[in-house]
Every structure is written in structure tokens, then in C-alpha cells.
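# Coordinate inspection notes
The residues making up each chain are set out below.
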Amino acid sequence: MYRQHFGLRCAPLDKDSIELWDDGAITHLRDRFQWLLDSPGVGLLTGEPGVGKTATLRHITSKLNPHGFVAIREAGRG
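Residues numbered from 1 in each chain as written. Predicted model: local features only at pLDDT ≥ 70, side-chain atom pairs only at ≥ 80, totals over all residues. Heavy atoms only, no water.

Okay, the overall build of the protein chain next. Of the regular secondary structure elements, the protein chain holds three helices and zero strands. Overall, the protein chain shows an N-to-C arrangement of helices and strands of α-α-α. Counting over 78 residues, the protein chain shows a buried share of 17%. The long-range share in the protein chain, meaning contacts at least 24 apart out of those at least 6 apart in sequence, stands at 48%. Only carbon and sulfur atoms are counted for the fraction: they give 56% of the accessible area of the protein chain, which is about 7,000 Å². (Helix = DSSP H or I, 4+ residues; strand = E, 2+ residues; numbered from the N terminus. Buried < 20%, exposed > 50% of the residue type's maximum accessible area, 1.4 Å probe, protein only. Contact = heavy atoms within 4.5 Å. Areas by Shrake-Rupley, 256 points an atom, 1.4 Å probe, with all protein chains shown as cover.)

Running from N to C, helix H2 (residues 25–38) and helix H3 (residues 53–61) cross one another at 55 degrees; their axes reach a closest spacing of 11 Å. By the criterion of interaxial angle, the relationship of H2 to H3 is oblique. Regarding H2 and H3, the two cross each other, and that crossing is right-handed. Residues Ile 26, Leu 29, Arg 30 and Phe 33 of H2 pack against Thr 56, Leu 57, His 59, Ile 60 and Thr 61 of H3. Its residues placed into classes, the contact of H2 with H3 shows five nonpolar, three polar and one charged. (Axes fitted to C-alpha atoms, helices over the stretch in contact; angles between N-to-C directions. Parallel < 35°, antiparallel > 145°, perpendicular 65-115°, else oblique. Left-handed = near helix turned anticlockwise from the far one by under 90°. Nonpolar A, V, L, I, M, F, W, Y, C, P; charged D, E, K, R; others polar.)

Across all of its chains, the model carries zero aromatic pairs by this definition. Directly above the ring of Trp 35 sits Arg 32, whose terminal nitrogen or CZ lies 5.3 Å from the centroid. (Phe/Tyr/Trp six-rings, centres within 6.5 Å; stacked < 30°, edge-to-face > 60°. Lys NZ or Arg CZ within 6 Å of the ring centre and 35° of its normal.)

Functional significance is not addressed by these values, which are geometric in nature.
Quick look at the structure:
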């Protein structure tokens, strides 16, 4: 109902989101993520609930070459 009211095609930060609003944080995260791909290690992403951590990671990992990387998406165990 709210999607129709606001003229949205899908839910904000949904799994099917194609475009994300970037205030510079996504670009910074993408740069850090690329550094992690180039220098293998462990990365930790933290943030307040609802800020788009999962949506952003889905967006970034969707562009990875599937022959070189495997993205494992596991739900949190809160």
C-alpha cells in the first residue's frame, strides 16, 4: 500500500533494489571492499540498524565476477 502511495516500484533497500542513494558512504565502502578483494583478509561492517548495510553489500557483490568470487549471504543470528 505504501509503495503505491509513494510511487515506488519496490520496497526501499529491497533485495531487488537497482539504485541506491549514495551520500559518499557507498563509494567509500566500495573502495574499502575493493581493497579487501585485492588484499585478502577479513572485513567487518558495522552500523546502526536500517542504514542499508545489507542492501549495499548485495549491490556491491552483485557486480563481482562469479568465476573469481563467491558471495555467501548469511542472515544475522541476533
